[in-house]
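# Chain and residue survey
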Amino acid sequence: MQRRSFFTGAATAVAAASVSRVAMAALPEPVIQASADTAEPLTPPNGRPYHPVVTLNGWTCPWRMNAGVKEFHLVAEPVVREVAPGFFVNMWGYNGQSPGPTIEVVEGDRVRIFVTNRLPEHTTVHWHGQRLPNGMDGVAGLNQPAIPPGKTFVYEFEARRPGTFMYHPHADEMVQMAMGMMGLWITHPKARHPLIAEVQRDYAFLLAAYAVEPGAATPRVNEMTDFNIWTFNSRAFPAISPLVAKQGDRVRIRVGNLTMTNHPIHLHGHEFEVTGTDGGPVPLTARWPEVTTDVAVGQMRQLELVADAPGDWSLHCHKSHHTMGAMGHGVPTMIGVDHQGLVGKIQKIVPDYMLMGERGMGDMGSMQMPLPDNTFPMMTGQGPFGNIEMGGMFTTFKVRSQLGANDYRDPGWYRHPKGTVAYEWQGAPLDAQAPRQTAPGTAPGAASVHKPESLPPAAGHAH
């Protein structure tokens, strides 16, 4: 992390008259993060204690205490995010990254957030799900004047209820959110809560989608439906960090959705309960076991489970296109098409032509076809048994029996006990050839249609 000051000692614009000018005499230094790695949890150096979260491929924003108020400084600015190794996207974010840093506070904290605008246009920050004074809600034109470029506004309110929340602009949001402006807000309970369990691991991430043309680096901000880069915290598999837990740990996973579609988040090998939303904790009588939960647009979901099954378990969106990289959505289906003798003829005209899709798209994981610069492959990622053939919204939940309490490092691939891996049958083969295909219209009992023969008009078929 790097520290740098903006407009220190300069006049600042104030979001509400109730903010003390004495408190604004010196801006807190904004902390800037350049790395896309998952940072270690930030143990609170002052204020009320809490168990910190781990933001996947992100970090928690430091603060300073000023007369009992927690002060944060967000800088809205253009950033470059490494979405996957070698694939960089021009985004807008906060403090050097998209998403911006996670803000962690405790129920009852008085919070003051300085927001400096270094974008080429005005902006605001909406504190999604918070109970606060209307003038601090961050909708440009309705609750406040927009923050002009080069100015700093101040938001101040009390974190009134525990839960998982978000922050994002409510000014030109079609562009600003499509460019990656978003962040997490976690409010921890101030004391033991009857509906909020203590956990050993607490993870958080946001779902985001971008439309980036192959070879390009800036998202298409006017896109409504045809997105091709699907991410956890603006990272795509295999660049998304794994979630790590010791066997027996109680784990909380906080997921927020700021894309333009819903995402059924699915965990392998375990059951979980949805224990909270951005509306608050879910009553015990309203919980039930799940392995998939749908996170709709603008929603937060808190999932909790006991990590009792060792292994490397998949965690992903269950929409199959969302676990792919930069797909070409206009690609025709070629399954079953006989290309025999055709490839050589095409290569005489197009030397780089490669056959794909005749047997499905699994071959894409091992193809070494040339791609435009700064293009993320559709399938990528290597596992201990070969190509994982995933991209986008996919990562792993790694449960180990031998793991330190504060160890969040990737433990490597799971070593399966003998006899617990699927294996090839070595006995007598099936007495049939595979694959077996039946020509259309020739399956036993298939209906057939034919044109009747011409009959004289008297037979009633004149037309």
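Placed above this text is the structure.
Residues numbered from 1 in each chain as written. Predicted model: local features only at pLDDT ≥ 70, side-chain atom pairs only at ≥ 80, totals over all residues. Heavy atoms only, no water.

### Overview of the overall build of the chain
Put simply, the test is: Secondary structure counts use DSSP, requiring at least four H or I residues in a row for a helix and at least two E residues in a row for a strand, with both numbered from the N terminus. The protein chains shown are the only cover counted for residues, whose accessible areas, like all others here, come from Shrake-Rupley with a 1.4 Å probe.
Scanning the chain from terminus to terminus reveals two helices and 25 strands. When the accessible surface of the chain is summed, it comes to about 23,300 Å², and 54% of that surface belongs to carbon and sulfur atoms.

### Some details on the sheet that holds strand 11 (residues 163-168)
For clarity, the cut-off: In this description, strands pair whenever DSSP reports at least two bridges between them. Helix axes are fitted only over the stretch in contact, all axes being lines through C-alpha atoms; the angle between N-to-C directions runs from 0 to 180 degrees.
With mixed pairing, four strands are arranged side by side in an open sheet as 7-12-11-9. Here the strands that pair on one side only, and so sit at the sheet edges, are strand 7 (103-106) and strand 9 (126-128). Strand after strand, the sheet turns through a mean of 25° between neighbouring axes, direction not considered. Where strand 7 lies against strand 12 (residues 183-188), four bridges are found, and the strand directions are parallel. What sits directly across from Val105, in strand 12, is Thr187.

### Description of the side chain of Thr124
Selection rule: Each residue's exposure class comes from its accessible area (1.4 Å probe, protein chains only) as a fraction of the maximum for that residue type: buried when under 20%, exposed when over 50%, partly exposed otherwise. Counting of polar contacts relies on pairs of N or O atoms within 3.5 Å, with two restrictions inside protein: one atom must be capable of donating a hydrogen and the other of accepting it, and residues adjacent in sequence are counted only when both atoms are side-chain atoms. Whether two residues touch is decided by their heavy atoms; if any such pair falls within 4.5 Å, the residues are in contact.
Position of Thr124 relative to the elements: it lies in the loop between strand 8 (110-117) and strand 9. The class for Thr124 is buried, based on a relative accessible area of 0%. Within polar-contact distance, the side chain of Thr124 engages the backbone oxygen of Gly138 at 2.7 Å. There is a polar contact of 3.1 Å between the side chain of Thr124 and the backbone nitrogen of His170. Thr124 has contacts with Tyr94, Gly138, Ala140, Gln144, Ala146, Ile147, Tyr155, His168, Pro169, His170 and Ala171, leaving out every residue within four places of it along the chain.

### A word on the packing of aromatic side chains
Operational definition: Ring geometry is summarised as follows: Phe, Tyr and Trp rings, the Trp one being its six-membered ring, pair when their centres sit within 6.5 Å, and such pairs are stacked at plane angles under 30 degrees, edge-to-face over 60 and tilted between the two.
Scanning the entire structure with this criterion turns up eleven aromatic pairs. Between Trp63 and Phe72 the ring centres are 5.9 Å apart and the planes differ by 50°, which places this aromatic pair in the tilted class. Taken individually, Trp63 and Phe72 each receive the classification buried, so the pair is uniform in this respect. Summarising the aromatic geometry, the rings of Tyr203 and Tyr408 are spaced 6.1 Å apart at their centres and angled 80° between planes, so their arrangement reads as edge-to-face. A residue pair is termed long-range when its members are at least 10 positions apart, and Tyr203 in strand 13 (residues 201-210) and Tyr408 in the segment after strand 25 (394-400) qualify at 205 residues. Classification of Tyr408 by relative accessible area gives buried; the value is 19%.

### What about unusual backbone geometry?
Following Ser98, the chain continues into Pro99 via a peptide bond in cis, with omega recorded as -5°. With an omega of 15°, the peptide bond running from Phe237 to Pro238 counts as cis. Within the chain, Asp172 stands out as a residue other than glycine whose phi angle is a positive 45°. In the Ramachandran plot, Glu389 falls in the positive-phi region, its phi being about 60° despite a non-glycine side chain. Topologically, Glu389 is positioned in strand 24 (residues 386-390).

### Considering the side chain of Ser234
For Ser234, the position within the fold is in the loop between strand 14 (229-232) and strand 15 (243-246). Relative accessible area serves as the criterion here: at 0%, Ser234 is assigned to the buried category. Apart from the residues lying within four places of it in its own chain, the contact partners of Ser234 are Arg81, Glu82, Val83, Met91, Ser98, Pro99, Ala208 and Tyr210.

### Some words on the sheet that holds strand 22 (residues 311-317)
The mixed open sheet is built from five strands, whose spatial order is 15-25-22-17-20. Looking at the sheet topology across the chains shown, the edges are occupied by strand 15 and strand 20 (292-295). Neighbouring strand axes in the sheet, compared pairwise and without regard to direction, differ in orientation by 20° on average. Alignment of strand 17 (residues 263-267) against strand 22, held across three bridges, turns out to be antiparallel. Counted as the bridge partner of Ile265 is Cys317 from strand 22.

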